[in-house]
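Coordinate inspection notes
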Amino acid sequence: YLGAVQKLKTQRAQRKLTPAALEALALIAYSKEPMSRAEIESVRGVDSGPVLRQLLERRLIRVAGRGPGLGQPLLYGISQEFLEHFGLRSAQDLPQTGDFKGA
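An account of the accompanying structure is given in this report. Everything numeric in this text was worked out from a predicted model, so none of it was measured. For every chain, the first residue of the written sequence is number 1, and numbering continues from 1 along that sequence. Selection of residues for local features in this predicted model requires a pLDDT of at least 70, selection of side-chain atom pairs for listing and counting requires 80 or more, and totals for whole chains, interfaces and linings are taken over all residues. The side-chain figures draw on all heavy atoms in the structure; neither hydrogens nor water molecules are used.

Helical segments are the DSSP runs of H or I of at least four residues, strand segments are the runs of E of at least two, and each set is numbered from the N terminus. Each helix and strand in the protein was counted, giving five helices and three strands. Helices and strands appear in the protein in the N-to-C order α-α-β-α-α-β-β-α. Burial here depends on accessible area, computed with a 1.4 Å probe over protein chains only, as a share of the maximum for the residue type. Under 20% is buried, over 50% is exposed, and the range in between is partly exposed. Within the protein, buried positions represent 28% of all 103 residues. Counting only contacts in the protein whose residues sit at least 6 apart along the sequence, the fraction spanning at least 24 positions is 43%. When the accessible surface of the protein is summed, it comes to about 7500 Å², and 56% of that surface belongs to carbon and sulfur atoms. Any pair of residues with heavy atoms lying within 4.5 Å of one another is described as a contacting pair. Here the Shrake-Rupley method, with its probe set to 1.4 Å, supplies the accessible areas, and only the displayed protein chains count as covering residues.

Structure (structure tokens):
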């Protein structure tokens, strides 16, 4: 079954990100500090649990620690795999918002 499992794994990794996943990923990438699920949901206005799970499974984000406060929520940040996927050395290499004008 090794061949079938590897084929499924490859197909899953090659799936395109949904607009919701891209939105959450951009929020995390452009935040100066790791973000909690509640912070992401307050910006997006919708439940982000499934989207965060998808991004974690694809290793584009990572758990960057725990936040202060009730329940010490998980904090999410971009991963090394995110940087490699987009050809970046660090988060500072992300395009600035002015770079998108006229695109």
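There's more to say after this.
Quick look at unusual backbone geometry now. Notably, Arg59 is not glycine yet its phi reads approximately 60°, a positive angle. Here Arg59 lies in the loop between helix H4 (49-57) and strand E2 (61-66). Positive phi values are uncommon outside glycine, yet Gln72 reaches one of about 45°. Along the chain, Gln72 falls in the loop between E2 and strand E3 (74-78). By relative accessible area, which is 47% here, Gln72 ends up partly exposed.

Let us look at the pattern of salt bridges. By definition, a salt bridge exists where a carboxyl oxygen of Asp or Glu is found within 4 Å of a side-chain nitrogen of Lys or Arg. The tally for this structure, following the rule as stated, stands at four salt bridges. Note that Asp47 is salt-bridged to Arg37, the shortest N-O span being 2.5 Å. Separated by 10 residues along the polypeptide, Asp47 in the loop between helix H3 (37-44) and H4 and Arg37 in helix H3 bring together distant segments of the chain. With its nearest N and O atoms 3.4 Å apart, the salt bridge here joins Asp93 to Arg89. Taking relative accessible area as the criterion, Arg89 reaches 73% and is therefore assigned exposed.

Let us now look at the sheet that holds E2. At least two DSSP bridges between two strands are needed for those strands to be called paired. The strand order across the open sheet formed by three strands is E1-E3-E2, and the pairing between neighbours is antiparallel. In this open sheet, the two strands that pair with only one neighbour each are strand E1 (35-36) and E2. Where E1 lies against E3, two bridges are found, and the strand directions are antiparallel. Within E3, the position partnered with Met35 by the bridge is Tyr76.

This is a description of form; function is not addressed.
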